[in-house]
Number of protein chains: 2
Amino acid sequence: MSQAIVDARLDDLAVNTIKFLAVDGIEKAKSGHPGLPMGAADYAYVLWAKYLRYNPKDPKWPNRDRFVLSGGHGSMLLYSLLHLAGFDMPYEELQKFRQWGSLTPGHPEHEIERGIETTTGPLGQGIANAVGMGMAAHRLSAIFNRPGYDIINHWIYVILGDGDMMEGISHEACSLAGHLGLGNIVAIYDDNCICIEGDTCLTYSDDIKMRFESYGWHVQMIDGHDRAAASEALAKAKAETGKPSLIVARTIIAHGAPNKCGTASAHGEPLGPDETKAAKECANWPVDKPFYIPDEVKQFFSSHAGDLRKEYDAWQAMFAKYKEEFPELAKLWTKMMDKEVPADLDDQLLAKLDCVKPTATRASSGSAIQEIAKSVPAFWGGSADLCPSNKTDVKGGGDFSHAYPLGRNIHFGVREHAMGSAMNGMAVYGGVIPYGGTFLVFCDYMRPTIRLAALMKQQVVYVFTHDSIFVGEDGPTHEPIEQIASMRMIPNVTVIRPADTAETAVAWAWALDHKDGPTVLALTRQNLSPVNDDPAKAKQLRKGAYIVRDAGKIDVVLIATGSEVGISLGAADILAAKGINARVVSMPSREIFEAQDKAYQDSVIPPSVKKRVVVEAGIPFGWEKYSGDEGLIIGMDRFGASAPYQVLAEKFGFTAQSVAEHTEAYLK
Amino acid sequence: MSQAIVDARLDDLAVNTIKFLAVDGIEKAKSGHPGLPMGAADYAYVLWAKYLRYNPKDPKWPNRDRFVLSGGHGSMLLYSLLHLAGFDMPYEELQKFRQWGSLTPGHPEHEIERGIETTTGPLGQGIANAVGMGMAAHRLSAIFNRPGYDIINHWIYVILGDGDMMEGISHEACSLAGHLGLGNIVAIYDDNCICIEGDTCLTYSDDIKMRFESYGWHVQMIDGHDRAAASEALAKAKAETGKPSLIVARTIIAHGAPNKCGTASAHGEPLGPDETKAAKECANWPVDKPFYIPDEVKQFFSSHAGDLRKEYDAWQAMFAKYKEEFPELAKLWTKMMDKEVPADLDDQLLAKLDCVKPTATRASSGSAIQEIAKSVPAFWGGSADLCPSNKTDVKGGGDFSHAYPLGRNIHFGVREHAMGSAMNGMAVYGGVIPYGGTFLVFCDYMRPTIRLAALMKQQVVYVFTHDSIFVGEDGPTHEPIEQIASMRMIPNVTVIRPADTAETAVAWAWALDHKDGPTVLALTRQNLSPVNDDPAKAKQLRKGAYIVRDAGKIDVVLIATGSEVGISLGAADILAAKGINARVVSMPSREIFEAQDKAYQDSVIPPSVKKRVVVEAGIPFGWEKYSGDEGLIIGMDRFGASAPYQVLAEKFGFTAQSVAEHTEAYLK
């Protein structure tokens, strides 16, 4: 291995270019984190100049290497590299770091068109996204590769820091990656011993090598400023294909800043004009030319792009031949990459599922999953160790593992947070519509990942079962009260709480059609009877809410979701016997309903009818929007309790009788 | 070490009693998890019969050993042990497992009076609670122990399972415990190789010994059914006082069930009558006497309680002498155990803080913390690596560590989830009012622990800074939009978003007075000017909402929180110039306001005034309750963006001018 990556002088120039682009961007913004870009520049340059395979002109190339900056606060490192590498990241944008409307926000925001694979910043998410990418790549390579045709054989490279390492999600995700033997992941840990509060020794003394070996990783330790060592370690990491690799790169934060290097203040504050000048002087860098890029550096990256282009062209030529030789696989490829879903999936599912027999919606969902798995090859998922309860398994689909990457069923383990983040990684990777299950109450464990799916507008489907106090015996720790509302309020998230088997079928079809945001399916533990005489009526779920029982002159509108729709229908019967006319509205999804035009909304909930009762076995918070000033909300304003669910229904007033009584009293 | 713990025959009888009480409870409930109680009975018996120090007649004895069943689904194990040990857990209650109103719910619910130290069930929480208990014990022992007076010298014992081990929070908490060298923690890992989906090898292959050694723990491996080995390991674990100890107990799930042992089905389903009978026959146990407790077993536990009583009496005698010898420390002890707070803390803080100068409420909070630390010795906390931003440090208070347990400042590391759970452990431990800081958006990382603090009604204070889009440059990943509302909806949680320094002072005093639930303080990054001419008016925060600017004839009521109160006051000025009379209401806490009588509520927001505008830089969801059918909500219905905060204020309409314009347009 030669000492120089390209040549020693050029290497120095390029590393300093990366460092000072970052420094200048942060100086100009008067805000940002210079420590990581400066500390990581040496090995990041080696990675980008020698290992990373990409084509800036086709940033979506499926066999590109993925690069994830898990420590997203070092965003200027990424922006600088993307600019140098020729991605659509104009020079002027580097000068608009952290400004309104710029392409260079404070933390990297998913935009594959510009080479930004995923949104990072919330710590630990990048490395866990990478695990999802590694899983997806492993699966796709098994489906598509054939002798002589390595359609998918790239790596996923990650840079992560102390903060990522301390977050529980990194433990979960790396334990899972080790378990699955994801040899396509190469992570570089920027071990700079500095966190925001000071030296990491204040808080952190994991033996990282031992820790990662305990997860089954291949671990190497290097001096992160020794570029030859970094190159050698990267080569060895790639050679280890049966295990994920960690390179522990010991670095000095803000390397090159003569007075601030190695200090906590360099983590999250601009260097300031004096230190910037001093750093540039030390590096023989022009102090009067901010955002300076030497011509040699430009030329090197341009010529390197040319070399990479040859690899890209070779892959394209191979792929063209592959499509001829394996036309069926080529069709499957397109289907998966397009995340294709049959246009008539609603009807298929309604036809296949028994929509009459009282069934728990989690079981109806399980039946739907069997059918979807047949017709949607991109559909892939599992559960966080609750598949017998969540009914998420594809029967006969096999278990995904290193030895059997074709497995349709992912066993995420009791790792909800890593599951959520891995699903985000799969979604942005491509070729996968990921789904994952747990008890609804434990959505709290993965909430940061739901937010990120929403922020990135990714298609991810959550199968959250046991969706109310009707969990019963497990008691309040396992009974969601506030969770459904808490997800409804996240922008871009769609929550669907179906009322019966037919609504569950349509909910699944809707979720699979919905490409630009995550969908939450909230499903029952207990059996539910159909709410419509004709299952086809459930297709109105695509409007978010609809009338399931009408009345001539409407005395009151009962608005309910999920298991409370059937209860409300029962209440309407009781009220009818007393001469009170109740319209019953099933509202499986507020978000979908709110996307309809006002005329439709008013046709379902007439503005003139002020007597409205909302029935949902969850927190009343937020239902005032539909109950209105004169309405009544029948909800849960306390935690649940441990008892058989029928007892809880009585005690907490979620029976037809109780709803009818409360409604009658309210109308008086 | 003798083979027998007490005597071999009695040991067998006792272990079988524990097993079959659990089995019978679960059979009767037709619901529950027999696998863990049966698998753990051997070592759990050893622990309770030989090591655990307690007094069932004084379950709050401060120097008792703590026992935490982190795998809360094994609750019948705990209930059986509590009954045998003589706690207030009547025999009849064992027969009402998982029934309405019983003392034996599905998962253990915090009730120290009955020996239940903490609520468990959500996996990983118990072990992380235990870390908080260990930290609190370490601190209290340093404050109070004197030569010859070991006031606090007990252990914290934990049983945890595979699920706990897989959860990220267990990694975070155990990494922290190892870092802090918490030698008072002894954890037994029930390594039964079975999770809900089947064999743990489906999902999990951590080398647990290596993993825990990498965190700095002392680790032993035993056969979990070898009682002598368990006893020896417990003795060695106690002898290691510089490190937390893990005993990896290899067990067979549902040990003693001849056909179901070692299977996933034994994890979460009753054994069924046939297998119950078969198990009892194998053990020579009467099959026709459910809930059978042999007299010898009763006698043993009763006599053991007598032995423990002697230790307890000796401690009480020592403590009586201690109080005489160290009267100042005795006073401090009472103050801390009572979590005492000065009655006039409001006034103290208002007097000490500069309530005039425009200040970020996070900085005002930081100033308040300095004062509180002086007068509230139980007050103890830190930050998840953001103390320079959260302003949570007590200046000159020193850093808490193994070497300096008197340290006032806890460095939790980038471990929000473990921080939340450790705070819960400290709160239930006693003598501590814990507080912890992070950015508000990252409350999502610790949400399960906020829920548990609420469920257990514990006094925990969250210092969540950077509370809106006014975070600015860091961008949408760091800008909370939905978080404040998402916490308001958790039962028993009080969210306070103060509008200036004076309100921040009163908010802190309120939080410290509020003993039966957690309080969230939502604090700004940016400076805020005072909203009242007289700081004393901020004391009205204790009513949740109050008038900060009144109008004669009210044309419109502007209701705002936090930083938007000042903006609304500015808007009111602009409106006044146009002849529009706006009352401005500061509503720092909805929860506190809703606890006031209706007359007060109506005096602040007159029901007759239907023209209302709510202004909060967060999701509108849930504000309809206050805006009413005819109102306007000025909020954020999308994620934020990266830019200087003043730019975001303009772009998103959170300026006085914009609020005035929207209000004027709305009134027309």
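Residues numbered from 1 in each chain as written. Chains lettered and ligands numbered in written order. Predicted model: local features only at pLDDT ≥ 70, side-chain atom pairs only at ≥ 80, totals over all residues. Heavy atoms only, no water.

Caption draft 1: Molecular detail of the confidence of the model for chain A. Across chain A, the average pLDDT comes to 97, with 100% of residues at or above 70. Interface predicted TM-score (ipTM) for the complex: 0.97; the corresponding pTM is 0.98. (pLDDT = per-residue confidence, 0-100.)

Caption draft 2: Broad picture of the state of the cysteines. Counting across every chain of the model gives zero disulfides over all chains. Unpaired in this structure, Cys443 of chain A has its nearest cysteine sulfur neighbour in Cys443 of chain B, at a distance of 13 Å. (Disulfide = S-S within 2.5 Å.)

Caption draft 3: A look at the pattern of salt bridges. Under the definition given, this model contains 74 salt bridges over all chains. Two residues, Arg488 of chain B and Glu616 of chain B, come together in a salt bridge whose shortest N-O distance is 2.6 Å. One end of the pair, Arg488 of chain B, is in helix 19 (residues 483-488); the other, Glu616 of chain B, is in the loop between strand 19 (612-615) and helix 24 (624-627), with 128 residues separating them in the sequence. For Arg488 of chain B, a relative accessible area of 7% puts it in the buried group. For Glu616 of chain B, a relative accessible area of 4% gives the class buried. Lys578 of chain B is the salt-bridge partner of Glu664 of chain B, the closest N and O atoms lying 3.0 Å from each other. Of this pair, Glu664 of chain B sits in helix 26 (residues 656-667) while Lys578 of chain B is found in the loop between helix 21 (563-577) and strand 18 (582-586), placing the two residues 86 residues apart along the sequence. Classification of Lys578 of chain B as partly exposed rests on a relative accessible area of 48%. Through salt bridges that share partners, Asp12, Asp42 and Arg227 of chain A make up one connected network. (Salt bridge = Lys/Arg side-chain N within 4 Å of Asp/Glu carboxyl O. Helix = DSSP H or I, 4+ residues; strand = E, 2+ residues; numbered from the N terminus. Buried < 20%, exposed > 50% of the residue type's maximum accessible area, 1.4 Å probe, protein only.)

Caption draft 4: View of the packing of helix 12 (residues 295-325) of chain B against helix 13 (residues 327-337) of chain B. All names here are of chain B. With their axes 5 Å apart at the nearest point, helix 12 and helix 13 run at an angle of 115° to one another. Residue-level contacts link Trp315, Phe319, Tyr322, Lys323, Glu324 and Glu325 of helix 12 to Pro327, Leu329, Ala330 and Trp333 of helix 13. In terms of residue class, the contact of helix 12 with helix 13 is built from seven nonpolar, no polar and three charged. (Axes fitted to C-alpha atoms, helices over the stretch in contact; angles between N-to-C directions. Contact = heavy atoms within 4.5 Å. Nonpolar A, V, L, I, M, F, W, Y, C, P; charged D, E, K, R; others polar.)

Caption draft 5: Local environment of the relation of the copies chain A and chain B. When chain A is fitted onto chain B, the two copies agree to an RMSD of 0.0 Å after a turn of 180° and an axial shift of 0.0 Å. Seen this way, the second copy is the image of the first under a two-fold rotation axis. Both copies contact each other with a shared surface, as 99% of the interface residues of chain A are interface residues in chain B too. (Least-squares fit on C-alpha atoms with pLDDT ≥ 70 in both.)

Caption draft 6: Structural detail: the side chain of Thr17 of chain A. One can find Thr17 of chain A in helix 1 (residues 8-29). Here the side chain of Thr17 of chain A touches Leu13 of chain A through a polar contact of 2.6 Å, landing on its backbone oxygen. (Polar contact = N/O pair within 3.5 Å; in protein donor to acceptor, adjacent residues only side chain to side chain.)

Caption draft 7: Seen up close, the domain arrangement of chain A. Residue and element names in this part refer to chain A. Under the domain assignment, chain A is made up of domain 1 (8-129 + 156-307), domain 2 (345-528) and domain 3 (541-667). In this complex, domain 1 contributes 20 residues to the contact, which on the side of domain 2 involves 21 residues. Interface area, domain 1 with domain 2, both sides summed: about 1700 Å², of which 60% is carbon and sulfur. Considering only the surface of domain 1 that becomes buried against domain 2, Glu172, Leu176 and Leu180 emerge as the three largest contributors, covering 31% of it. In this assembly, domain 1 and domain 2 are joined by ten residue pairs in polar contact (both at pLDDT 80 or more). Those elements that provide at least two residues to the side of domain 1 that touches domain 2 are helix 5 (125-144) and helix 7 (168-180). In terms of residues, the side of domain 1 that touches domain 2 owes the most to one element, helix 7, which gives six residues. (Domains from an automatic or database assignment. Buried area = accessible area lost by both parts, 1.4 Å probe.)

Caption draft 8: Just the sheet that holds strand 18 of chain B, in detail. All names here are of chain B. The sheet built from five strands is open, its strands ordered 16-18-17-19-20 with mixed pairing. In this open sheet, the two strands that pair with only one neighbour each are strand 16 (546-549) and strand 20 (632-634). Here the average twist between neighbouring strands, direction ignored, is 25°. The sheet contact formed by strand 16 and strand 18 spans three bridges and is antiparallel. Paired with Ile547 across the two strands is Val585, which belongs to strand 18. (Pairing = 2+ DSSP bridges.)

Caption draft 9: Region of the structure containing the interface of chain A and chain B. Listed as interface residues are 99 residues of chain A and, on the opposing side, 98 residues of chain B. Summed over the shared surface of chain A and chain B, the number is six salt bridges. On inspection of chain A and its partner chain B, the count reaches 41 residue pairs in polar contact (both at pLDDT 80 or more). Sort the elements by how many residues they give to the side of chain A that touches chain B and helix 18 (residues 447-455) of chain A lands first, with six residues. Here the side of chain A that touches chain B is composed, by residue class, of 41 nonpolar, 29 polar and 29 charged.

Caption draft 10: Structural view of unusual backbone geometry. All names here are of chain A. Residues other than glycine seldom take positive phi values, yet Ala254 does so here, at roughly 55°. Its place among the elements puts Ala254 in the loop between strand 7 (245-250) and helix 10 (265-268). We classify Ala254 as buried; its relative accessible area is 0%.

Caption draft 11: Looking closely at the sheet that holds strand 1 (residues 66-69) of chain A. Residues and elements named next belong to chain A. Strand order in the open sheet formed by five strands is 1-2-3-7-6, with parallel pairing between adjacent strands. Strand pairing shows two members of the sheet lacking a second neighbour, strand 1 and strand 6 (218-223), which therefore form its edges. Averaged over all pairs of adjacent strands, the angle between strand axes in this sheet comes to 15°, irrespective of strand direction. The sheet strands contacting helix 5 are strand 1, strand 2 (156-160) and strand 3 (185-191), and the helix crosses strand 2 at an angle near 170°.

Caption draft 12: Main features of helix 12 of chain B. Residue and element names in this part refer to chain B. Given a rise of 1.5 Å per residue, 31 residues ought to cover 45 Å, and the 45 Å separating the end C-alpha atoms of helix 12 matches this to within 8%. Buried within helix 12 we find Val297, Phe300, Phe301, His304, Leu308, Tyr312, Trp315, Met318, Phe319 and Tyr322. Looking at the packing, one finds that the buried side of helix 12 touches helix 1 (8-29), helix 2 (35-51), helix 3 (75-85), helix 5 (125-144) and helix 13. (Expected span 1.5 Å × (residues − 1).)

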